[in-house]
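A look at the structure
The primary structure of each chain is shown beneath.
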Amino acid sequence: MQQFHQTFFEESFEGLDIMENELLNLDVGNADSEVINTIFRSAHSIKGGSGTFGFTAVAEFTHVAETLLDEMRDGIRQVTQESVDVLLKSVDVMRAMLTALSEGGEMDADNIASVQMELEQLLGTEGTAAASANTESDNNSNENADGWLISFRPHVEMLRTGNDPVRMMYALAELGEIETKADISELPSFADLDPEDSFIGWEITLKGDIKIEDVKEVFDWVEDECDLDIQPLSAPSETTISDTPPVVAESSAAAAVTPSPAAPAKASTAKKNTESASIRVGIDKVDEIINLVGELVITQAMLGQVGGEICNDDGHSSTQMEKLLEGLAQLERNTREIQESVMRIRMLPISFVFSRVPRLVHDLSGKLNKKVNLVTLGEGTELDKTVMEKIGDPMVHLVRNALDHGIETPEQRVASGKEETGTLTLNAYHKGGNIVIELSDDGAGINKERVLNKARKNGLVGENENLSDDAINDLIFHPGLSTAETLSDVSGRGVGMDVVRKNIKSLGGSVRVDSVEGEGATFTIQLPLTLAILDGQLVKVANETFVVPLVSIIESIQVKSANLSGIAGKAELYKLRDEYIPIIRAHSVFGMNDSTESLEDRLMVVVEGDGKKAGIIVDDLLAQQQVVIKSLETNYQRVDGLSGATILGDGTVALILDISGVIDMFKTLNTPPVNPDGEGSNIAEQAA
Amino acid sequence: MASILAVDDSASMRQMVSFTLKGAGYDVTEAKDGQEALQIAKSNSYNLVITDINMPIMDGITLTKELRSLPAYKFTPILTLTTESSGEKKMAGKQAGATGWIVKPFNPDQLLATVKKVLG
């Protein structure tokens, strides 16, 4: 049985997620029966599975929740907010129990007992009395009988439920010595005989020390489809045990074939195709394929390079050479396609993250006494599983933030002429090689004045410094800046937003906020679709090749000395059309020797990271190519300014630049550590 | 050897049923809901159908009814998987034309004993 446990846990956790989501979808007072049915089904499966696989505690607990759901499903219980809340708690308890079982932890017995008590209280107070116990008055006084005399007459339709009298005879024969006598008096003439009906009855004598339960079990499934009479062989005939009195036999048979109207009606509404065909594979297998495809891409790049060189060297382009190049081009195409397909295996719809939000909104809005309507769009947008796992926490934080600081209380909203209920919108879509996640609320927006005052007080912004609106809004991502008037346990300790930005940055993404005071705020997160591959521009700095992520490159230009200007020898700026951008000499950032001091006619790659622009001076621009990212942290250690490394076609290692990191490094290199008056700080920021 | 169609929306139950029956030498086909089972059943023939009752898309009761309406499944044994708590479900299954039921939770031995009861 052990081998099925993993599958059971996985599907149970999925089932719990479904229960949670659907419970949140449930319209209290006007519940959709299909939604209740879905919730019930999940609970039912968990109960069935946990019973089968020996997790009795889970089965017992789930049974109570299931009973409550069953009553809702059958319409004998109203769906109240109270019961939904208790059921949500039950989901948490079940999840905790299953987690403890799957990971070998401890169960919180007190919590389980208390939630179970709540469930039972609900069931006890309002529910209809517990199912009337099926009092089967089996008087097993005949255990000492020598055997049984069984009169068995199947109703005409019995064969049509797949019950074969012959199999029952076999089953009886296994219990003891059997003697049968067929009664064919009911058999019609051959012309009138319908071979699908049953007409024969039997008098069966079963000898041996046999319990009546065992005999009854043989006929268990057909008790409504036959006339059955079982009498002990030795006992007097008063102790007859008759299951179905012959008088009512006809009517019960009629009931058996008349389809119950309730059953098909339920079935026809049970149509909601949310599942698509899929198989479950371990993530390690997928990652292994991805890794191998990565190696394949490297080999392909190497072949392409060598092939190109051979053809150039020989000068003469024979037909064989042409064929080689053709083949290499085909290989490149195929490799790229394989790579894309393999990458897609790891992609999951963002709904996995979005689905956590409704519960959060439900709980928080209750706690904060706010009314919030949640709208989610683009749930089907796919992104890499790893990116998804890491974006969950920042998203949760942003949602908390929007509910706590963004959306106002109903009174405040009404006072400012808005609808009582606030709206939180989550939207996801693909843009270029990125996924964009927008989280917008129609709340109060960011109070710029308060942010600025706070920043001035904390010395983040100089007294006389003027900042653009965007720059002020951006301050909320600064460490240690919280504008909440009072700290709440929901958010507002000022340790959040900078962590959000840090986490998103570590995924190679960015986050920014747009806000209109009084109208709301929108957080826009941009993330790469995958962490494994990158479209890069290869550049040469001294003797080393570096990879600049293509997404961060705006343009590459040749430096004109007329546009150069320096500030007090500390930093150099370049006038790019109507803005000034700082110049970063890659040589000095990475401690390499530059052949010449002069910047005239040098190549400059204009890049943007975290909304800041800069020009990076390089020696040469090489090819653009897709590179497979190898983590420096796994293979070596984290290095500032670098996001990873890759292996090029010729087998050499090239480092991948982390543009935001490089800009930050450059800032620290060129900014005095203490800057009391705030003058001349953050050149990059000012220029941007 | 007898062929069995096992229908359950829960992958773990399906695997357990299938593993147990295959171990006893039966030929087992799996389906994850009534609709899928019905399609498979139409293009193949089985000696026995074992189906869960609560399933998305098409439940076990509907599946049983649909199967019974097919000439090839008029007399084929159909067993429903049901829980003790749902006495009326057993009856609903019977009324739809099911041969009998297996009460959940069951262990592999109980499953095999019940299957033997209908397949002999």
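Residues numbered from 1 in each chain as written. Chains lettered and ligands numbered in written order. Predicted model: local features only at pLDDT ≥ 70, side-chain atom pairs only at ≥ 80, totals over all residues. Heavy atoms only, no water.

This part is about the overall build of chain A. Looking only at helices and strands, chain A has 22 helices and 23 strands in total. Pairs at least 24 apart in sequence give 69% of the contacts found in chain A among residues at least 6 apart. In the form shown here, chain A has an accessible surface area of approximately 35,800 Å², with 51% of it arising from carbon and sulfur atoms. (Helix = DSSP H or I, 4+ residues; strand = E, 2+ residues; numbered from the N terminus. Contact = heavy atoms within 4.5 Å. Areas by Shrake-Rupley, 256 points an atom, 1.4 Å probe, with all protein chains shown as cover.)

Of regular secondary structure, chain B possesses five helices and five strands. Secondary structure elements of chain B occur, N-terminal to C-terminal, as β-α-β-α-β-α-β-α-β-α. A total of 120 residues make up chain B; the buried ones form 62% of that total. Intrachain contacts of chain B at a sequence separation of at least 6 include 61% that bridge at least 24 residues. Taken as a whole, chain B presents about 4,300 Å² of accessible surface, with 51% of it coming from carbon and sulfur. (Buried < 20%, exposed > 50% of the residue type's maximum accessible area, 1.4 Å probe, protein only.)

So, about the sheet that holds strand 1 (residues 3-7) of chain B. All names here are of chain B. The parallel open sheet is built from five strands, whose spatial order is 2-1-3-4-5. Either end of the sheet is taken by a strand with one partner, and the two such strands are strand 2 (27-31) and strand 5 (100-104). The sheet shows a mean angle of 20° between the axes of neighbouring strands, taken without regard to direction. Where strand 3 (residues 48-52) and strand 4 (residues 78-83) come together, four bridges link them in parallel fashion. Looking at the pairing, Thr51 lines up with Thr80 of strand 4. (Pairing = 2+ DSSP bridges. Axes fitted to C-alpha atoms, helices over the stretch in contact; angles between N-to-C directions.)

Counting 58 residues, the largest nonpolar core has Met19 of chain A together with Leu21 and Ile50 of chain B as the members making the most contacts within it. Examining the composition of this core, we find that nine residues originate from one element, helix 4 (residues 81-103) of chain A, more than from any other. Those residues within four positions of Leu21 of chain B in sequence are excluded, and the remaining contacts are Ile4, Tyr26, Val28, Ile50, Leu111, Leu112 and Val115 of chain B. (Core = buried A, V, L, I, M, F, W, Y, C linked by side-chain atoms within 4.5 Å.)

Residues and elements named next belong to chain B. The element strand 4 is extensively covered by neighbouring structure, given that six of its six residues are classed as buried. The side-chain alternation of strand 4 yields two buried faces, one formed by Ile78, Thr80 and Thr82 and the other by Leu79, Leu81 and Thr83. Taking the sense of rotation as the criterion, the β-α-β connection linking strand 3, helix 3 (residues 60-68) and strand 4 turns out right-handed. When strand 4 meets strand 5, the two strands line up parallel, connected through five bridges. (Right-handed = clockwise from strand over helix to strand, strands pointing away.)

Bringing empty space enclosed by the protein into the picture now. Summed over the entire model, instances satisfying the criterion amount to six cavities of 30 Å³ or more. What the largest cavity holds in volume is close to 90 Å³. Residue lining of the largest cavity: Asn163, Asp164, Arg167, Met168, Ala171, Val218, Trp221 and Val222 of chain A together with Lys117 and Val118 of chain B, and that is the complete set. Contributions of two or more residues to the lining of the largest cavity are made by helix 6 (165-175) of chain A together with helix 5 (108-119) of chain B. Among the elements that line the lining of the largest cavity, the one with the most residues is helix 6 of chain A, at three residues. (1 Å grid on protein atoms, 1.4 Å probe; cavity = no way out; pocket = protein on both sides within 12 Å on 5 of 7 lines; lining within 4 Å. Points joined across faces, edges and corners; volume = space filled by probe spheres on them.)

Residue and element names in this part refer to chain A. Scanning the model with the defined rule gives 35 salt bridges over all chains in all. Taking the shortest distance from any N to any O, the salt bridge between Glu579 and Lys613 comes out at 2.7 Å. Remark: Lys613 occurs in strand 20 (residues 612-618) and Glu579 occurs in strand 18 (residues 579-585); sequence separation between them is 34 residues. Via salt bridges that share partners, Asp17, Glu20, Asp92, Arg95, Arg359 and Asp363 belong to a single interconnected network. (Salt bridge = Lys/Arg side-chain N within 4 Å of Asp/Glu carboxyl O.)

It is worth spelling out the side chain of Thr425 of chain A at this point. Residue and element names in this part refer to chain A. Within the secondary structure layout, Thr425 lies in strand 9 (residues 422-431). The class of Thr425 is buried, set by a relative accessible area of 19%. Setting aside anything within four residues of it in sequence, one finds Thr425 in contact with Val375, Leu377, Glu438, Leu439 and Ser440.

When pLDDT drops low, the exact placement of atoms in the prediction is not to be read closely. Residue and element names in this part refer to chain A. Overall, the predicted model of chain A reaches an average pLDDT of 78, with 83% of residues at or above 70. Here helix 9 (residues 262-269) stands out as the least confident element of chain A, with mean pLDDT 38; strand 14 (residues 544-549) is the most confident, with 91. Ignoring residues within four places in sequence, the model shows residues 126-142, a span with pLDDT below 50, making 14 contacts including any to other chains. Overall, residues 236-275 carries pLDDT values under 50, and its contacts beyond four positions in sequence, including any with other chains, amount to 50 contacts. (pLDDT = per-residue confidence, 0-100.)

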